[in-house]
Amino acid sequence: MSNIIRKLGFGGGCHWCTEAVFQALKGVKKVEQGYIASNHENETFSEAVLVHFSSEEIPLKVLVEVHLRTHKSTSNHSFRDTYRSAIYYLEDGIVEDLEHIINELQPKFDNPIITKVLPFKEFKPSREQIQNYYKKNPNKPFCEKYISPKLELLKDKFKKHALLE
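Below is a summary of the structure that appears in this document. Since we're looking at a predicted model, the values are computed, not measured. (Residues numbered from 1 in each chain as written. Predicted model: local features only at pLDDT ≥ 70, side-chain atom pairs only at ≥ 80, totals over all residues. Heavy atoms only, no water.)

The final tally for this structure, using the stated rule, is 4 aromatic pairs. With 3.6 Å between their ring centres and 10° between their planes, tryptophan 16 and tyrosine 133 make a pair best called stacked. Here tyrosine 133 lies in helix H4 (residues 133–136) and tryptophan 16 lies in helix H1 (residues 15–23), a separation of 117 residues in the sequence. Across the pair, exposure class does not vary: tryptophan 16 and tyrosine 133 are buried alike. With 4.9 Å between their ring centres and 40° between their planes, phenylalanine 142 and tyrosine 146 make a pair best called tilted. Placement of the pair is phenylalanine 142 and tyrosine 146 together in helix H5 (residues 141–157), with a separation of 4 residues, close to one helical turn. Since its relative accessible area comes to 25%, phenylalanine 142 is described here as partly exposed. Ring-pair connections join several aromatic residues into one group, and the members of that group are Trp16, Tyr133, Phe142 and Tyr146. Across the ring face of phenylalanine 109, the terminal group of arginine 69 is positioned such that the distance to the ring centre comes to 4.3 Å. Geometry around phenylalanine 45 places lysine 124 over its ring, the cationic atom sitting 4.3 Å from the centre. (Phe/Tyr/Trp six-rings, centres within 6.5 Å; stacked < 30°, edge-to-face > 60°. Helix = DSSP H or I, 4+ residues; strand = E, 2+ residues; numbered from the N terminus. Buried < 20%, exposed > 50% of the residue type's maximum accessible area, 1.4 Å probe, protein only. Lys NZ or Arg CZ within 6 Å of the ring centre and 35° of its normal.)

This is the structure:
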């Protein structure tokens, strides 16, 4: 049986945070940090990551739940243009699955999930200096304040799928 690598885009918070979270998951083969544009009202670039993963090693539902739990997926705020809460699909047949998963997870959240499932249009990578930000700077104040708590959540709630000890 071949191990097919699939891709999804995830946006919602700072791409340094999102990158570190997905890099810490088993079954994720590559994370590209940058900016993603969709279409129509979402055609501007927003901070996001492209995640290359093996669906045989990590279920789609786990990826979606990790994403929803590691950014403000239930609140609109003034920076939503920069930090669009979205899952970007690159294959048409996955839209219904993603929407079904979000609807299935909704009862686990106190407020309505605002994360949109959007078509992927274009990706621009971040400049080299800020890629792998957490791996290069785990002790910087930003990382300790914002990223480390998200990685702790992975260890607690997604232990089976986390690469962290």
